[in-house]
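Spelled out, the chains give:
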Amino acid sequence: MPAVRYQSGEMVMGRWPGSSLYYEVKVLGFDAESSLYTVIYKDGTELELKEPDIKVVRFQTRPRSRSRSPGRRRSRSRSPARTTRRTSSRTAAAIITDAAVPSHRDTRLKDSLEVRLSPLLSSMVKGRTVILNTSSNCLSLPPGAFFWLLFLPSWVFFLVLQVNQEDPSLTNSPPLLPPPGAFWDAQAFGLVVLWIVFQAVLYTLPVGKLSEGMPLRSGERLKYRTNGFFAISVSALAIAAAAHQGVDITYIHSHFLQLTAAAFLVSVLLSVYLYVRSQYAASEQLALGGSSGNLLYDFFKGHELNPRIREFDLKFFCEMRPGLIGWCLINFAMALAEMKQQGLDAPSYSMLLVNLFQLLYVVDGLWNEEAILTTMDLMHDGFGFMLAFGDLVWVPFTYTLQAYYLVRHPVPLSPPAAAAIIALKLVGFYIFRKSNSEKNAFRRNPSDPKLSHLQSIPTATGKSLLVSGWWGVVRHPNYLGDLLMALAWSLPCGFSHLLPWYYMIYFVILLVHRDARDMSECRRKYGSVWDEYCRTVPYRIIPGVY
């Protein structure tokens, strides 16, 4: 095992990738397997550096002087302290205001740096002024978190009310808001809680693989019980048994609004619990993105990274179980409701395709459940209202709108049309699964002999960028597969209304946003290497188009 020269919490100087400039960083941990140190810069940027890219210097703080000094000269080079991207909520309270780099061309590091603490930093970002008040350690954010806290639930309830209209056209006036009592049903709330408890019991059973997560800042690797396929199999048997015993599964369709309200209430209560418990969590257990000091923002983004009750991981459970498996249950209930309302002996071709396509998507995710351990949600995002609401409300009650739509608005589908849609779905699924498998295998073990055929570009962070296989076709082949599958989900609903195409439209907007975010983040993280990568793989999502 290699010797650890720099300890967690130690303040050192780290080289900025792609340059010869060094800046003050804090050591967060050391990965013995890769021999890389995880460090965090003053602007909140977190990178992995090799030992030769780290140096020890003496930091000294001096009172502000009116005379100009080398420590106050401005360097024209970009640095973490002067980044032009939006200021992160993870920014440290102590800021090296002038980057502490000599302005002359000799870039050799001085033995000492003048560090100046500023109580108020104003940074012009994309035409907007973002204020950091370090005296209170509180980030004065735009009212974005407040807006999303109000908008997301309102939008979900609007969709649920609109899809139940005789004419669900989005050009019509919004449906009248029902009286408050129409949203609440004690039985619906009890069923939502019972479903979550049932999934929690399945999650805790000692069945399936005990998988190891990616290294945390402390170097620790958490363990997760990845038995999602077992959970959905048992759930399917339980639902089939309930239907055989005469339980009316179409209750889900007739009480969809009340079930949505119940799930929303559960997500709010869970979010409050998560925020309260995060106040007692150790600093290394907090999410960097949800530690702004702004209560509303941290409540929304999630303050604690991996909240656990003993070995029960709340974030992992909510990401993969009640909402995803509930999505399939709701779709099944809609198929039964269609047969009941339309007087059919079997679901229509359109309803069958929507059910089967989305069931395949969920089953594939649960079969490859271990892959989620390398995603941004699990590795970096805190668990707060954003993820809790998304997992328990957004996924099961908006992703099922196509099946809900088909209950009252049947769309005849000929066998040739059905065959063409199936072919589109299979192509999208193949691209999605193949590309994700390549990425996950490469992230876990780049030196795996099975991946020797893949080409990559090394970066200063110690990581490499794939430029062959599906990742040599476009930069986001998994997005391409997702896009084709979303199209296949929407086509069975026809073109009479825009509402069942909501998921497709939402997904396109989401992909464009993610792509822009990834471009900005990767260019900042990898520097000039990212430009080389973009020249090697010129198309983002669609080959030859975008």
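Quick notes on the rules
Residues numbered from 1 in each chain as written. Predicted model: local features only at pLDDT ≥ 70, side-chain atom pairs only at ≥ 80, totals over all residues. Heavy atoms only, no water. UniProt positions renumbered as here; feature names shortened; annotations may be inferred. Axes fitted to C-alpha atoms, helices over the stretch in contact; angles between N-to-C directions. Helix = DSSP H or I, 4+ residues; strand = E, 2+ residues; numbered from the N terminus. Parallel < 35°, antiparallel > 145°, perpendicular 65-115°, else oblique. Contact = heavy atoms within 4.5 Å. Nonpolar A, V, L, I, M, F, W, Y, C, P; charged D, E, K, R; others polar. Salt bridge = Lys/Arg side-chain N within 4 Å of Asp/Glu carboxyl O. Buried < 20%, exposed > 50% of the residue type's maximum accessible area, 1.4 Å probe, protein only. Core = buried A, V, L, I, M, F, W, Y, C linked by side-chain atoms within 4.5 Å. Pairing = 2+ DSSP bridges. Phe/Tyr/Trp six-rings, centres within 6.5 Å; stacked < 30°, edge-to-face > 60°. Lys NZ or Arg CZ within 6 Å of the ring centre and 35° of its normal. Expected span 1.5 Å × (residues − 1). Patch = residues over 30% accessible without salt bridge, like charges linked within 9 Å, V, L, I, M, F, W, Y side chains within 5 Å. Areas by Shrake-Rupley, 256 points an atom, 1.4 Å probe, with all protein chains shown as cover.

As named in an unreviewed UniProt entry, the protein is Delta(14)-sterol reductase LBR, taken from Gasterosteus aculeatus aculeatus. One UniProt comment on the protein, placed under Pathway (unreviewed entry), says "Steroid biosynthesis; cholesterol biosynthesis." Quoted verbatim from the Sequence similarities (unreviewed entry) field of the UniProt record, the comment on the protein reads "Belongs to the ERG4/ERG24 family."

**Q** Help me out: how do you make sense of the packing of helix α9 (residues 349-367) against helix α13 (residues 415-444) in this one?
**A** Helix-helix packing is characterised by the crossing angle of the two axes and by the distance between the axes. For the pair α9 and α13, interaxial distance at closest approach is 11 Å and the crossing angle is 10 degrees. Considering the angle they form, α9 stands roughly parallel to α13. On α13, the residues touching Tyr349, Leu353, Phe357, Leu360, Tyr361 and Asp364 of α9 are Pro415, Ala418, Ile421, Ile422, Lys425, Phe429, Phe432 and Arg433. The residue makeup of the contact of α9 with α13, split by class, is eleven nonpolar, no polar and three charged.

**Q** Looking at this structure, I do not really get the pattern of salt bridges. What am I missing?
**A** When charged atoms on two side chains of opposite charge get close, those side chains can pair. The final tally for this structure, using the stated rule, is ten salt bridges. Ionic pairing is found between glutamate 311 and arginine 308, a salt bridge with its closest N-O pair at 3.6 Å. Look at arginine 308 and you get buried, because its relative accessible area is 14%. When the shortest N-O distance is used, the salt bridge between aspartate 531 and arginine 523 registers 3.4 Å. Judged by relative accessible area, aspartate 531 falls into the partly exposed class, the value being 31%. Since its relative accessible area comes to 38%, arginine 523 is described here as partly exposed. Counted as one network, the salt bridges with shared partners bring together Arg308, Glu311 and Asp313.

**Q** Even after reading the chapter, I still don't get the environment of phenylalanine 157, so can you show me in this structure?
**A** As for its placement among the helices and strands, phenylalanine 157 is situated in helix α1 (residues 144-163). Taking relative accessible area as the criterion, phenylalanine 157 reaches 15% and is therefore assigned buried. Taking the C-alpha atoms as reference points, phenylalanine 157 and threonine 260, separated by 103 residues in sequence, lie 7.8 Å from one another. Setting aside residues no more than four positions away along its own chain, phenylalanine 157 makes contact with Phe183, Leu257, Thr260, Ala261 and Phe264.

**Q** Looking at this structure, I do not really get the nonpolar core. What am I missing?
**A** Side chains of a nonpolar character, in soluble globular proteins, are inclined to be buried together. Among the nonpolar cores identified, the biggest contains 107 residues, and Phe316, Trp327, Met334 and Phe383 are the most heavily contacted of them. Contact partners of tryptophan 327, with chain neighbours within four places excluded, come to Gln358, Tyr361, Val362, Val395, Pro396, Tyr399, Thr400 and Trp489. Formed by 14 residues, the second largest nonpolar core is a distinct cluster that contains Leu21, Val25, Val39 and Tyr41.

**Q** Can you walk me through the sheet that holds strand β3 (residues 36-41) in this structure?
**A** As a general point, the strands of a sheet are linked pairwise by backbone hydrogen bonds and lie either parallel or antiparallel. Strand order across the open sheet formed by five strands is β4-β3-β2-β1-β5, with antiparallel pairing between neighbours. Two strands in the sheet have a free side with no partner beyond their single neighbour: β4 (46-49) and β5 (54-55). Alignment of strand β1 (residues 11-15) against β5, held across two bridges, turns out to be antiparallel. Pairing of glycine 14 across the sheet is with isoleucine 54, part of β5.

**Q** Help me understand the packing of aromatic side chains, please; the structure alone is not making it clear to me.
**A** Two measures describe an aromatic ring pair: the distance that separates the ring centres and the angle between the ring planes. Tallying each qualifying case throughout the model produces 37 aromatic pairs. Taken together, a centroid distance of 6.0 Å and an interplanar angle of 55 degrees make the contact between tryptophan 327 and tyrosine 361 tilted. One end of the pair, tryptophan 327, is in helix α8 (residues 322-342); the other, tyrosine 361, is in helix α9, and 34 residues separate them in sequence. As far as the burial class goes, tryptophan 327 and tyrosine 361 line up, both buried. Ring plane angle 70 degrees and centroid distance 5.1 Å describe the contact between tryptophan 327 and tyrosine 399, whose orientation is recorded as edge-to-face. Linking tryptophan 327 in helix α8 with tyrosine 399 in the loop between α11 (385-398) and α12 (401-408), this pair joins segments that are 72 residues apart in sequence. In this pair, the class of tryptophan 327 matches that of tyrosine 399, namely buried. Taken together, the ring pairs in this structure connect Phe147, Trp148, Phe151, Trp155, Phe158, Trp394, Tyr502 and Tyr506 into an aromatic cluster. Against the face of tyrosine 224 rests arginine 308, its NZ or CZ located 4.9 Å from the ring centre.

**Q** I'm lost on the UniProt feature "transmembrane region" (unreviewed entry) in the protein in this one. Help?
**A** Residues given the UniProt feature "transmembrane region" (unreviewed entry) here are residues 145-163, 183-205, 226-244, 256-276, 387-407, 413-432, 453-474 and 486-512. As annotated, residues 256-276 has a helix share of 100% and a strand share of 0%, and its two end C-alpha atoms lie 30 Å apart. The annotated region residues 453-474 carries 0% helix and 27% strand content, and the separation between its end C-alpha atoms amounts to 17 Å.

**Q** How should α9 be read in this particular structure?
**A** One full turn of an α-helix is made of 3.6 residues, so residues set three or four places apart face in the same direction. For α9, which comprises 19 residues, the first-to-last C-alpha distance of 26 Å matches the rise-based estimate of 27 Å (1.5 Å per residue) to within 8%. Residues of α9 that are buried include every one of Ser350, Met351, Leu353, Val354, Asn355, Phe357, Gln358, Tyr361, Val362, Asp364 and Leu366, and no others. On its buried face, α9 is in contact with α3 (228-244), α7 (314-320), α8, α12, α13 and α14 (477-490).

**Q** Would you explain a nonpolar patch on the surface in this entry?
**A** On the surface, Val193, Val197, Val201, Leu205 and Val207 cluster together into a nonpolar patch covering about 330 Å² of accessible area. Structurally, leucine 205 is set in the loop between α2 (186-204) and β11 (209-212).

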